[in-house]
Amino acid sequence: MQNGVIYGIDIAKGSSRAQEVPRYAVAVLRDGEISHYTMLRLHRILRMLNQDRPDYIAVDNIFELAPNKQDLIRLLERLPGNTKLVQVTGGVRQKPLLRLAQEHGLSVNQFDPLQEAEACAILASLGVGVEVSLFEDITRIKVSRARSLGRGGWSQNRYRRKVHGAVKEKSREIEGILRKFSRETGFTFSQRITEGFGGYVRAEYTVNARRESVPVKPSSNADVQVSVKSVERDKIQYIPLKKAGRRYTIVGIDPGTTVGIAILSLDGELLLSDSIRGISHDEVVRTIAQYGKPAIVATDVYPTPSAVERIRRSFNAVPWSPGGEIRADEKIALARHFGYSNDHERDSLAAALITYKAYKNVFSRVEKKAPRYLDTERIKLHVINGDPIDEAIEKVASESRIQVKVKPEPETIKEEPSDMDEHIKKLRDELSQRNSQIKQLKEYVAELKYEAGQKDRLIEKLELRINKIKNSTYRQVRREKEIGIRDSEIERLNKELARTRKSLRNQRRQNKRLKQIRKKEIKGEGLPVKIISSFTREAIQRTIELYGIKENDVVFIEKPSGGGPVTASLLIEAGVRAVIIGEDMPYAALDSFFDAGVPVLKGVPINRVGDLASVDPELLESAIEQWQETADERRREKEHRQVQSILEEYRSERRRGLA
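Computed from a predicted model, the values in this text were never measured in an experiment.

### Focus: the pairing of strand β10 (residues 224-240)
Pairing of strand β6 (residues 130-145) with β10 involves twelve bridges; the strand directions are antiparallel. In the strand pairing of β10, Ser133 is matched with Gln237. The pairing of strand β9 (residues 219-220) with β10 spans two bridges and is antiparallel. Each residue of the ladder has a partner; that of Ser219, found in β10, is Val226. As consecutive antiparallel partners, β9 and β10 are separated by three residues.

Here it is in structure tokens:
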């Protein structure tokens, strides 16, 4: 429990976001006694804080003190240096104050602000809640002029030199204080100087320490002002009050030249799994101690080896061994989920996991039965050491009793002496009766604890038997599941192998055809043909980039229906020898090829493999000759039509002349 002064505050009237000035209920916890104040305004509370300088200000919601982050920052800047603002309900994820109070054995009327303020103070004293931090552990000190120099007159330069000299002198004084502070504490600082006429315009120092620990205070005089401010955080940070102590652990050891170490928390979380060759006993102990205090030291063999026993005695931990041999397949099944690099890590991990499974049900019962405000790890430690669960809970509860005295209110009515004596006698009789009842109840509780202890031991024995049966069933199920997984993997690999073989056959057929094409080209029985996927500018450019189209090349257009004269000009300019098509081509494109003298051949058979093809030279020459004959005939018809057109035009002009 915190021994300093703690203020618990709860809003009693109004709101920090309303126009009406809010009033607060305050409970001051000092030396185990609580004083109550009600209907106080914030400025009055600030005066009390500066007088008492408490360790904590505890609230259930920080925005009851200020409506937003900026106002909250201004409020924190006015607090004493050592005072921390605590939100007992937690940080981002908050728990209701009423539930927290119930978990820690407190009775609170949620409609009474004084009781809520008192609960906040007590919970903060128990380490419940988070510190609200709005400032980094960085302090900025700025030394600057206290007034503007203005335009000035004849003495302006002398006045500027005086002020800048004063800023420089004050800066050097603060720099000396910070250097001494740095040597004594180890905190570092940096500086940035802006020089001016005759001295410094300003000097800024950034100290890597909290503001309250920096030995420089704000000040101001006629020429120089010193401001000391903490650096604000981008967002509010919540720091838990109760720091986690050393965790209790379950340690599995595989001794030998190479030592395997596995460490689990009492919740079954893997903290370490490692194997180290040639490590000494002291180094093993130091390594284990880094991860907590061992409650159990386990091994996977029986009896416990002497090296493991030495490690156990170093921590005064409870020993554990399986009582018989553990098969290798069982170790593999246990350790596979966490992963391991060698047999030493596997054996140590198996020892720790089997130990955790042996205690898992007992730990679950502890978590169900123990009150939430008690340390369940301490209860589990007592259970591991042989105490029944109820006795373990009682021991831990006795270690963390909450004792708070409330200052009695002054009595306003005095009773007559005779009435007082009679009242005291009556109270004493009632007290005697109550003491008798308490004694009887304690005896009854002791009997119940004994019976509960007997039942707990019987339950533990039965749970151990159940665990053994479950382990054998679990191994069988795991084996069947593993076989099923492997069968599925074999089936998948067979399908993949079939696809690969099919692809390989296709590749071989394609390679065979390519070889045939290449042989024909070498013998002169085939000419290479470059394939264009469609009659578009993009497809032609893609073929040019991949394979190149040069003069006297033969090209094959798969889909010739898309382009026109502009597209045809790309092949004409390239100087191709012939264009082979399998479908009809637009008339405008055919006309462009005809005018350029480029044969367009339809239905010429080609031997194609992928993007490569060849054509029989004789068939190509025969098709070109046929196209030439057709082209000559078409050319003659075109010339005849032109002559006819000229004659018709001449006759028309003659008739107009005679008329």
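After that view, the rundown keeps rolling.
### A few points about the sheet that holds strand β11 (residues 248-254)
The strands making up a sheet are joined through hydrogen bonds of the backbone, oriented either antiparallel or parallel. Taken in spatial order, the five strands make up an open sheet running β13-β12-β11-β14-β15, and their pairing is mixed. The strands lining the two open edges of the sheet, one partner per strand, are β13 (270-277) and β15 (318-320). Across the sheet, the mean angle separating the axes of adjacent strands is 25° when strand polarity is ignored. Looking at chain direction, β11 and strand β12 (residues 258-265) are connected through six bridges and run antiparallel. Along β12, the bridge assignment pairs Ile253 with Ile261.

### Remarks on the pattern of salt bridges
According to the stated counting rule, one finds 38 salt bridges in the structure shown. As a salt-bridge pair, Arg475 and Glu330 come within 3.1 Å of each other at their nearest N and O atoms. Placement of the pair is Arg475 in helix α12 (residues 417-523) and Glu330 in helix α8 (residues 328-335), with a sequence separation of 145 residues. With respect to class, Arg475 is no different from Glu330; both count as buried. Where salt bridges share partners, they join Asp300, Lys331, Asp343, Arg346 and Asp347 into one cluster.

### Regarding the nonpolar core
Counting 27 residues, the largest nonpolar core has Ile9 and Leu85 as its most contacted members. Breaking this core down by element, the ones donating at least two residues are β1 (6-13), β2 (23-30), α1 (42-52), β4 (56-59), α2 (69-77) and β6. Those residues in contact with Ile9, other than ones at most four positions away along the chain, are Tyr24, Ala25, Val26, Ile45, Ile57, Ala58, Val59, Leu65 and Ala117. In terms of nonpolar packing, the next biggest core, distinct from the first, is built from 24 residues, Tyr248, Trp320, Leu381 and Ile384 among them.

### A word on α1
Regarding α1, the residues found buried are Ile45, Leu46, Met48 and Leu49. All buried residues of α1 fall inside an arc of 160° around its axis, so they share one side. Those residues of α1 that are buried are in contact with β1, β2, β3 (33-40), β4 and α2. Arg53 occupies a position one or two residues after α1 and carries a positive phi of about 50°.

### Brief notes about the sheet that holds strand β22 (residues 612-615)
On the basis of which strands lie adjacent, the open sheet formed by six strands has the order β20-β19-β18-β17-β22-β21 and mixed pairing. A strand with exactly one partner marks an edge of an open sheet, and here the two such strands are β20 (600-602) and β21 (606-609). Mean inter-strand twist for the sheet, computed between neighbouring axes without regard to direction, equals 30°. Looking at chain direction, strand β18 (residues 554-559) and strand β19 (residues 578-581) are connected through four bridges and run parallel. By the bridge assignment for β19, Ile557 is matched with Ile581. Along the sheet face, helix α16 (residues 617-658) touches β17 (527-534), β18, β19, β20 and β22 and points at about 115° away from the line of β20.

### Overview of unusual backbone geometry
Most peptide bonds take the trans configuration, and most residues that are not glycine carry a negative phi. Tyr302 connects to Pro303 through a cis peptide bond whose omega is 0°. Within the secondary structure, Pro303 sits in the loop between β14 (293-298) and α7 (306-315). The phi dihedral of Arg53 falls on the positive side, at around 50°, and the residue is not glycine. Within the element layout of this structure, Arg53 appears in the loop between α1 and β4. Using a relative accessible area of 44% as the deciding quantity, one classes Arg53 as partly exposed.

### Re the side chain of Asp10
By the element assignment, Asp10 lies in strand β1. Sequence-distant contacts of Asp10, that is, excluding residues within four places in its chain, are made with Tyr24, Ala25, Asp60, Glu64, Pro113, Glu116 and Ala117.

Parameters at a glance
- Residues numbered from 1 in each chain as written.
- Predicted model: local features only at pLDDT ≥ 70, side-chain atom pairs only at ≥ 80, totals over all residues.
- Heavy atoms only, no water.
- Pairing = 2+ DSSP bridges.
- Helix = DSSP H or I, 4+ residues; strand = E, 2+ residues; numbered from the N terminus.
- Axes fitted to C-alpha atoms, helices over the stretch in contact; angles between N-to-C directions.
- Salt bridge = Lys/Arg side-chain N within 4 Å of Asp/Glu carboxyl O.
- Buried < 20%, exposed > 50% of the residue type's maximum accessible area, 1.4 Å probe, protein only.
- Core = buried A, V, L, I, M, F, W, Y, C linked by side-chain atoms within 4.5 Å.
- Contact = heavy atoms within 4.5 Å.
- Arc of directions from axis to C-beta.

Note that every value here comes from positions in space, so none of it alone points to a role or purpose.
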